[in-house]
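What the coordinates show
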Amino acid sequence: MSFIDQEVTEFRAKCEKQVPHTKIIICSSSLIRVDIYPERPNRSMTVCLRFPQNYPRSTPILVELKSRVYSDILLTELTRLIDDYARDFIGKPQALLVLAFAQQYLSDNPLCVCLDEIKQLRADIKSGGTTTESQLKLKQRNRSVELVARGGLYTYRVTAVVPDSYPMQSVELRGQESNLPAVLVRYLNGQSREIARQCVEPPIRLSKEALANFRPVRSLQRSLKFCLEATRDFHIELCPICDNTVLPEDPQDIDMDDNADNFIERVYCGHLFHQGCLKKYLSEPPFPKGGKICPAQRRHPRSDAQTYMGRTQGGGGSSTVSRTPDDAGVCGIKLAHDRWVVSVKTAEARWAQKQARQRELEEVVDFLQ
């Protein structure tokens, strides 16, 4: 019996006993094919082994990995690691060893199912080009990815837990901490969860054909990239009315009084305003019939009009928002905020009363003089 035949016989007898979560599909001197079924669902991988010429004297066993879940980048990287590992056993049986290596790698590194997304997030962090760089921390034991996003002196920390059924189930976002104003923290928390949900759940109003074609997509990079970019931009956003930065440079100077002029408000179009500036703008004429539009000089990249009208910001839905004739010159979206719901008639009446009081005061001053 040849060396290879002996190894195949031994492999057939020991594989499923010594290497957990494996199943032999083919076992012959020309091809060994084994499916690895880790304890987590949707994480299967097929390992194909072939015996080249001069095996095992000078050439290691040939390995090919296949999977519908793991990315091509991971399969290529793991194949390289297995090749390097097999070279340490030249002259010895290698099939059982490399299979055990592959199974142990998948078991010890549950986040490898997100390898492409993690690499993209790291690239997104580097693209910021700031001295206070954001950070991405991997915790394999907890199957979690922690993002610490930074913008100026402001930080936002969030942990994304990758479930066993990922990517069919979205990541769970938890442990949020930040020194941003509460209104922005609520926005980040809620919107990132909504983006993750939209990745795996079809919209309610969807045709039967579109519903049948709906497929969950990966949610880790999409939800964390949103948190990263929003946190990075907040401290440089300008109030469209006074054209000054909305956030103070030092987080300790944030005005917590929701009646103060410097209190920060975020409106439907995504832009940030000083409360005093927004109050003044909404209470002074003109009062167009359709309501006032945001005076910002550009559309906001994270407008609610984009995010909630389609799948993860424009992925499969149409947006119907108010536009001005010169759409390139201003934001063009109607100003909307739950604290500023005022009809045109009410706004005009309030303005008239204000002007009447002002005239009365001026008449009193003139009389006294």
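Residues numbered from 1 in each chain as written. Predicted model: local features only at pLDDT ≥ 70, side-chain atom pairs only at ≥ 80, totals over all residues. Heavy atoms only, no water.

The chain is annotated in an unreviewed UniProt entry as RWD domain-containing protein of Drosophila gunungcola.

A short note on the sheet that holds strand S7 (residues 154–161)
Taking strand neighbours across the sheet as the criterion, the four strands line up as S5-S6-S7-S8 in an open arrangement whose pairing is antiparallel. A strand with exactly one partner marks an edge of an open sheet, and here the two such strands are strand S5 (135–139) and strand S8 (172–178). Strand-to-strand twist across the sheet, computed as the mean angle between neighbouring axes with direction ignored, equals 15 degrees. Bridge count between strand S6 (residues 144–151) and S7: eight bridges; the pairing is antiparallel. Note that in S7 the partner of Glu146 across the bridge is Thr159. Along the sheet face, helix H4 (residues 115–126) touches S5 and S6 and points at about 155 degrees away from the line of S5. (Pairing = 2+ DSSP bridges. Helix = DSSP H or I, 4+ residues; strand = E, 2+ residues; numbered from the N terminus. Axes fitted to C-alpha atoms, helices over the stretch in contact; angles between N-to-C directions. Contact = heavy atoms within 4.5 Å.)

A closer look at the packing of aromatic side chains
A full pass over the atoms with the stated rule returns five aromatic pairs. Seen in terms of ring centroids, Phe51 and Tyr55 are 5.2 Å apart; in terms of plane orientation they differ by 55 degrees. Their pairing is tilted. Taking relative accessible area as the criterion, Phe51 reaches 13% and is therefore assigned buried. The rings of Phe3, Phe51 and Tyr55 are connected pair by pair, giving a single aromatic cluster. Between the NZ or CZ atom of Arg266 and the centre of the ring of Tyr187, over which it lies, the distance is 3.6 Å. Against the face of Tyr281 rests Lys292, its NZ or CZ located 4.4 Å from the ring centre. (Phe/Tyr/Trp six-rings, centres within 6.5 Å; stacked < 30°, edge-to-face > 60°. Buried < 20%, exposed > 50% of the residue type's maximum accessible area, 1.4 Å probe, protein only. Lys NZ or Arg CZ within 6 Å of the ring centre and 35° of its normal.)

Observations concerning the sheet that holds strand S3 (residues 45–50)
Spatially, four strands are ordered S1-S2-S3-S4 in an open sheet, and the strand pairing comes out antiparallel. Since the sheet does not close on itself, it has two edges, and those belong to strand S1 (22–27) and strand S4 (62–66), each with one partner. Here the average twist between neighbouring strands, direction ignored, is 20 degrees. Sheet topology note: the strand S2 (residues 32–36)/S3 ladder contains five bridges and is antiparallel. In the sheet register, Arg33 faces S3, and the bridge partner there is Cys48. Of the strands in this sheet, S1 and S2 are in contact with helix H1 (residues 3–18), which crosses S1 at around 160 degrees. Sitting on the sheet, helix H2 (residues 72–86) touches S3 and S4, and the angle it makes with S4 is about 155 degrees.

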